[in-house]
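This is what each chain is made of:
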Amino acid sequence: DVQLQAFGGGLVQAGGSLRLSCSASGFTLDDHAIGWFRQAPGKEREGVSSINSGDGSTYYADSVIGRFTISSDNAKDTVYLQMNNLSPEDTAVYSCAAAMGIRLPTQRYEYDYWGQGTLVTVSS
């Protein structure tokens, strides 16, 4: 069965960096697009970044462009989200999702599979 799980969250000071990992199993990673989402307390879930693991195309939300980098290691069935220059506004539970049939999805309804999230807390 399809499984996704995010790792790497933690506590970091503003300006610091974290790298999140999304471990995928049960499907061929390069046949899917993988997205990162986040949900802060009291806020709606928002798309952060996505990647088409087959052709390498990427999407970034305006709020993270220039600071976050998504990448895919298909051999390891893992997608990463490198998060640099973090701010308290980045504090959220981050989760990853997989989509089929859409080259580069950006909305949560476009995704078919969801993993458990990992908490990122950025202190000021």
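In this report, we go over the structure that sits alongside the text. Everything quoted here is computed from the prediction, not taken from an experiment. (Residues numbered from 1 in each chain as written. Predicted model: local features only at pLDDT ≥ 70, side-chain atom pairs only at ≥ 80, totals over all residues. Heavy atoms only, no water.)

1. A look at the overall build of the protein
Next up, step 1: A count of helices and strands for the protein gives 0 helices and 11 strands.
Next up, step 2: When the helices and strands of the protein are placed in sequence order, the string is β-β-β-β-β-β-β-β-β-β-β.
Next up, step 3: Its C-alpha atoms give the protein a radius of gyration of 13 Å, near enough to 14 Å, the size a compact globule of 124 residues would have.
Next up, step 4: With the C-alpha coordinates of the protein rotated into their principal frame, the extents come out at 40 × 25 × 25 Å.
Next up, step 5: Within the protein, contacts between residues separated by at least 24 positions form 58% of all contacts whose residues are at least 6 apart in sequence.
Next up, step 6: When the accessible surface of the protein is summed, it comes to about 6300 Å², and 44% of that surface belongs to carbon and sulfur atoms.
Next up, step 7: With 8 positive and 13 negative side-chain charges, the protein shows a separation of 7 Å between the mean positions of the two kinds. (Helix = DSSP H or I, 4+ residues; strand = E, 2+ residues; numbered from the N terminus. Rg over C-alpha atoms; globule rule 2.2 N^0.38 Å. Contact = heavy atoms within 4.5 Å. Areas by Shrake-Rupley, 256 points an atom, 1.4 Å probe, with all protein chains shown as cover. Lys, Arg positive; Asp, Glu negative; His and termini not counted. Charge placed at Lys NZ, Arg CZ, Asp CG, Glu CD.)

2. What about the nonpolar core?
Next up, step 1: Ranked by internal contacts, the top residues of the largest apolar core, which has 28 residues, are Ile-34, Trp-36, Phe-68, Val-79, Leu-81, Met-83 and Tyr-94.
Next up, step 2: Secondary structure elements with two or more residues in this core: β1 (3–7), β3 (18–25), β4 (33–39), β5 (46–52), β7 (68–73), β8 (78–83), β9 (92–99) and β11 (118–123).
Next up, step 3: Setting aside residues up to four positions removed in sequence, Phe-68 forms contacts with Arg-38, Val-48, Tyr-60, Leu-81, Gln-82, Met-83, Asn-84, Leu-86, Asp-90 and Tyr-94.
Next up, step 4: Counting residues in hydrophobic clusters, the runner-up holds 5 residues, among them Ala-33, Phe-37, Ala-99 and Tyr-111. (Core = buried A, V, L, I, M, F, W, Y, C linked by side-chain atoms within 4.5 Å. Buried < 20%, exposed > 50% of the residue type's maximum accessible area, 1.4 Å probe, protein only.)

3. Describing the sheet that holds β3
Next up, step 1: Spatially, β1-β3-β8-β7 is the arrangement adopted by the 4 strands of the open sheet, whose pairing is antiparallel. Edge positions in the sheet fall to β1 and β7, since each of these pairs with one other strand and no more. Strand-to-strand twist of the sheet, defined as the mean angle between neighbouring strand axes without regard to direction, takes the value 15 degrees.
Next up, step 2: Across 5 bridges, the pairing between β1 and β3 is antiparallel. Looking at the pairing, Phe-7 lines up with Ser-21 of β3. (Pairing = 2+ DSSP bridges. Axes fitted to C-alpha atoms, helices over the stretch in contact; angles between N-to-C directions.)

4. Considerations on the pairing of β7
Next up, step 1: Note that β7 and β8 share 6 bridges and pair antiparallel. Paired with Ser-71 across the two strands is Tyr-80, which belongs to β8.
Next up, step 2: Once β7 ends, the chain turns through 4 residues before running back antiparallel as β8, passing Asp-77 with a positive phi of about 55 degrees.

5. Observations regarding the state of the cysteines
Next up, step 1: Scanning all chains against the criterion turns up 1 disulfide.
Next up, step 2: The partner cysteine of Cys-22 in its disulfide is Cys-96, sulfur to sulfur 2.1 Å. Every disulfide takes its handedness from the sign of the S-S torsion; for Cys-22 and Cys-96 that torsion is 80 degrees, giving right-handed. With Cys-22 in strand β3 and Cys-96 in strand β9, the pair connects residues that are 74 residues apart, well separated along the chain. Taken individually, Cys-22 and Cys-96 each receive the classification buried, so the pair is uniform in this respect. (Disulfide = S-S within 2.5 Å.)

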